[in-house]
Amino acid sequence: QPLKPVERNGPGLEYKVSWRQRGVEVDWNEEMVKKHSLTLRNTPTFVPYEIKVQAVNNLGSGPEPNITIGYSGEDVPDAAPSGVSVDIVNSTLVKVFWFGIPRDRVRGHLRGYKVSWWKTKSMLDGKRHHPEKHFLTFVGDRNYGMIPGLEPFSEFRLTVLAYNSKGDGPESSPVVFEMPEGVPEQPRFLRILNFDKDSVTLSWGLPKKANGHLTGYILQYQMINETHEIGPLSDVSVTNRSTLSWRLSGLSSSTKYKFYVKACTVKGCGKPVTEEGLTMAQGSKGIGKISEAVKPTQKFHPIEALEPGTEYTVRLVTKNWVDNNSIFEDVIETRGRAYAGIYDGISTQGWFIGLMCAIALLTLLLLTICFVRRNKGGKYSVKEKEDLHPDPEAQSIKDEIFGEYR
């Protein structure tokens, strides 16, 4: 900071700036300046200097100044971390270790390290992936970091770099590592295809991500009531990984059940997908519940294979239905077999078809006759019109004219 006017104590104020590289130079470099700043050029990158500034006027030098330590300008680090290694914690988490770069290679104040990683291929199908880099920043001078959220049963590559306020340094050589198998994600859907009084057929989809080799599925079910109290849970193990449907038998009639299906690998089973349904009453017939996909652009959707004379509840819900709220719900009743049989029998009899054709032909003939008569009755000659409505003046004129030529 420059001296205040009251501190100058005389004319000809200047500043003597002295500097030397710490630990390298013995003699001081000096320069006299009238302003309160000085720029030194061609200095090494980020090295410490001893600096002192003394005020001088025409009467002499001021007090001896204290020495201050300063650094020349920063630049990005010019070395990469070494000894990078990966320790697998579980199917989605790894711990990364590295050796930090030497202090003289930081070329500035070290801000921290960045770990970058990207997936190269799936171990399940061997399919290569377009590199999509992710990174985490670890602040400060440290030599390890945790990387979470990795995809199980996949191959990855990883690098580490140091950075300062000027930017990032070079990356280390990539380290290749493979994640072990994990538990699968939940199946894409669970549908009830057919309900009977003591059995039900379930169908489910593959998990979105298997995260390993599927070993099969666990199917579970339990009774529930209107107060959502649940009964004991029963398990069925489906060991064929290609099986995507199963028929459960030995259920109680007129009973509401909740069903669960979860996919499994050698590491365990994932989250279940669930569905609820009611078995049929004793002596009743029907298919229980049908679920069909409807495109958002559809204006209507036919429902086929319904039983005649049966009441159904039609419900429209979203694809990822997670509660009991529906977009549309209505109760319909199909026509009975007797009514449908009478209607179908009459409509297909030959005499009925002939009668309908005769009535149509007769109606067309009557319309034609009426049209012709109307057009004929609306046209007549001028002579006939004059005879029906004679004009007295015209008649007198006519008599006079004819009188002259008698």
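Here the structure is a predicted model, which means the values were calculated and not measured. (Residues numbered from 1 in each chain as written. Predicted model: local features only at pLDDT ≥ 70, side-chain atom pairs only at ≥ 80, totals over all residues. Heavy atoms only, no water.)

## Points about the sheet that holds strand E14 (residues 190-195)
Sheets are built from strands that pair by backbone hydrogen bonding, the pairs being arranged parallel or antiparallel.
Here is step 1: Strand order in the open sheet made by the three strands is E14-E15-E18, with antiparallel pairing throughout. Every interior strand has two partners, whereas the edge strands, E14 and strand E18 (245-249), have only one. On average, adjacent strands in this sheet sit at an angle of 25° to one another, irrespective of strand direction.
Here is step 2: Pairing analysis gives five bridges linking strand E15 (residues 199-204) to E18, with the strands arranged antiparallel. Paired with Thr-201 across the bridge in E18 is Arg-247. (Pairing = 2+ DSSP bridges. Helix = DSSP H or I, 4+ residues; strand = E, 2+ residues; numbered from the N terminus. Axes fitted to C-alpha atoms, helices over the stretch in contact; angles between N-to-C directions.)

## Describing the packing of aromatic side chains
Here is step 1: Following the criterion strictly, the structure yields eight aromatic pairs and no others.
Here is step 2: An angle of 45° between the planes, with centres 6.1 Å apart, marks the rings of Trp-98 and Phe-138 as tilted. Remark: Phe-138 occurs in strand E9 (residues 134-139) and Trp-98 occurs in strand E7 (residues 94-99); sequence separation between them is 40 residues.
Here is step 3: By relative accessible area, Phe-138 is classed as buried at 9%.
Here is step 4: Ring centres 5.7 Å apart and planes at 15° place the aromatic pair Phe-156 and Phe-177 in the stacked group. Pair noted here: Phe-156 is in strand E11 (residues 154-164) and Phe-177 is in strand E13 (residues 175-178), with a separation of 21 residues, a long-range link. We note that Phe-156, like Phe-177, is buried.
Here is step 5: Cation over ring: Lys-95 sits above Tyr-144, and NZ or CZ is 5.0 Å from the ring centre.
Here is step 6: Over the ring of Tyr-144 we find Arg-142, and its NZ or CZ is 4.8 Å from the ring centre. (Phe/Tyr/Trp six-rings, centres within 6.5 Å; stacked < 30°, edge-to-face > 60°. Buried < 20%, exposed > 50% of the residue type's maximum accessible area, 1.4 Å probe, protein only. Lys NZ or Arg CZ within 6 Å of the ring centre and 35° of its normal.)

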